[in-house]
Amino acid sequence: MSNMMGIIKLDGANSMLKELCEHRPVASLPIAGRYRVIDFAVSNMVNSGIGDVGVLLSANARSIFDHLRSGKDWDLARHRGGLSYLPSDPYDGKPATGDLQGLYSNLDYIQHNAAEYILIAQADCVYNMDFRSVLLFHQNTGADITMVYSKAQDDISGNAAVMKVTENGRVTDIAKSLTVTAGMNDFLGVYLMSKDTFVKVVSNGFERGGTDFLLDGIIRHMEEYSIFGYEHKGYVSRINSTMAYFNANKDFLNPEIWSEVFMGDNLIHTKTKDAAPVQYKDTSRVVNCLVANGCEIRGEVENSIIFRDVKIGEGVKIKDCIIMERCVIEDNAMLRNVICDKNVTVSKDQWLKGADNYPLIVAKNTTI
């Protein structure tokens, strides 16, 4: 869609993801066995015909460079347009303290783009959405700003924004919140507006001392804009806490959710890694799991997500766990409600157990 440019923001609720986001943004968290959270925002934009995608960088963005690279795996390695990285430059010698400064420092680049509309997506949500329907809604309502939300199915803890929306879609109130109650309109961090409106929002917000795009650019100036809400009615999960991350992974063990997100016409793409098929040895037993390529399984695994190149020894019992890339679980170890980050080794006969409502996290490169 040549009349839309996409901007992906990396900043997210890192503080409530503790060890998992100590050295990476939420956007680069591994999810569903082989993907990263940012894959959903990038894939949805490309599937919607958006050929110009800018990634607004944040601190600890090295993993994003390593994952996206030139954008080839998303068909964004192009001579014209394609994938761009937007650094958050210092202003008056001060480092960036919010997304508004990063957007402001890239206004020249964005203004020189030929696109008529700017689509902004926060890279902390998991969903499959066609943004062309958002554009059609935006044009039909005559909105200055369209914000995408979903009806919360359950109570959600973590940084969020909730919206009051009338029957015709007009947004009458927006508030930041630490909890979302079931039935509330949960904002998904997706905005659509004309380029002129985008420039006005960013300039007004930043030049008046603001740091946050939503709070200082939009909420504080709501009376100046016609704002409408577009409801996304499909599956969605915002990764704004450890439990949200854990539950989102477990959701993909449900065949209906997996089919909706990954098996439709609009595919979710990720960085290609060639590996041998999974080796299930004679002693293995695997029930209701996602297991990625390159794994070797000799023990028992149930209700778990196993990423690439994981080695699971004989006598091992794993249940309700997330085991990331290149982990080694040695013989007779037992794990329950555990998230093992990359390159973790659990030695022989070790037992690890987290609570049902709060998993135990084993940090990257740890040996237990």
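Refer to the structure above for everything that follows.
Residues numbered from 1 in each chain as written. Predicted model: local features only at pLDDT ≥ 70, side-chain atom pairs only at ≥ 80, totals over all residues. Heavy atoms only, no water.

Participant: What is the right way to look at the nonpolar core in this model?
Facilitator: The nonpolar side chains of soluble globular proteins are, as a tendency, buried together. Membership of the largest hydrophobic core comes to 34 residues, with the highest contact counts inside it found for L10, I38 and F131. Taken together, the elements giving at least two residues each to this core come down to β1 (4-9), α1 (38-47), β4 (52-56), α2 (62-68), β6 (117-122), β7 (125-127), α5 (131-141) and β11 (185-194). With 5 residues, the top contributor of residues to this core is α1. Excluding residues within four positions of it along the chain, F131 makes contact with M4, N44, M45, S48, L119 and V190. In terms of nonpolar packing, the next biggest core, distinct from the first, is built from 33 residues, L56, L100, I145 and M147 among them. (Core = buried A, V, L, I, M, F, W, Y, C linked by side-chain atoms within 4.5 Å. Buried < 20%, exposed > 50% of the residue type's maximum accessible area, 1.4 Å probe, protein only. Helix = DSSP H or I, 4+ residues; strand = E, 2+ residues; numbered from the N terminus. Contact = heavy atoms within 4.5 Å.)

Participant: Can you walk me through the sheet that holds strand β20 (residues 311-312) in this structure?
Facilitator: Backbone-to-backbone hydrogen bonds pair the strands of a sheet. The strands run either parallel or antiparallel. Read across the open sheet, the 5 strands follow the order β14-β17-β20-β23-β26; overall the sheet is parallel. Looking along the sheet, the strands with just one partner apiece sit at the ends: β14 (279-280) and β26 (345-346). For β20 and strand β23 (residues 328-329), the ladder comprises 2 bridges, and the chain directions are parallel. Counterpart to K311 in the pairing with β23 is V328. (Pairing = 2+ DSSP bridges.)

Participant: What's the story with the sheet that holds strand β16 (residues 290-291) in this structure? I'm lost.
Facilitator: Taking strand neighbours across the sheet as the criterion, the 5 strands line up as β16-β19-β22-β25-β28 in an open arrangement whose pairing is parallel. What marks the edges here is a single partner per strand, and that holds for β16 and β28 (360-362). With 2 bridges joining them, strand β19 (residues 305-306) and strand β22 (residues 322-323) adopt parallel strand pairing. Residue pairing in the sheet places I306 in a bridge with I323 of β22.

Participant: Is there a simple way to think about the packing of aromatic side chains in this case?
Facilitator: Aromatic rings considered in pairs are described by the distance between their centres and by the relative angle of their planes. Enumeration according to the criterion identifies 14 aromatic pairs in this entry. On the basis of an interplanar angle of 25° and a centroid distance of 4.7 Å, the ring pair of Y35 and F262 is categorised as stacked. Placement of Y35 in strand β3 (residues 35-36) and of F262 in helix α9 (residues 255-262) is noted, with a sequence separation of 227 residues between them. For the pair Y35 and F262, one class covers both residues: buried. On the basis of an interplanar angle of 85° and a centroid distance of 6.2 Å, the ring pair of F252 and W258 is categorised as edge-to-face. An aromatic cluster is present here, built from Y35, F40, Y235, F252, W258 and F262 joined pairwise through their rings. In this structure, R34 is placed above the aromatic ring of Y35, and the distance from its NZ or CZ to the ring centre is 5.1 Å. (Phe/Tyr/Trp six-rings, centres within 6.5 Å; stacked < 30°, edge-to-face > 60°. Lys NZ or Arg CZ within 6 Å of the ring centre and 35° of its normal.)

Participant: Please explain the side chain of N47 as it appears in this structure.
Facilitator: Assignment of secondary structure puts N47 in helix α1. The exposure class assigned to N47 is buried, which follows from its relative accessible area of 16%. Discounting residues that sit within four places of it in the chain, N47 has contacts with R132, N266, L267 and H269.

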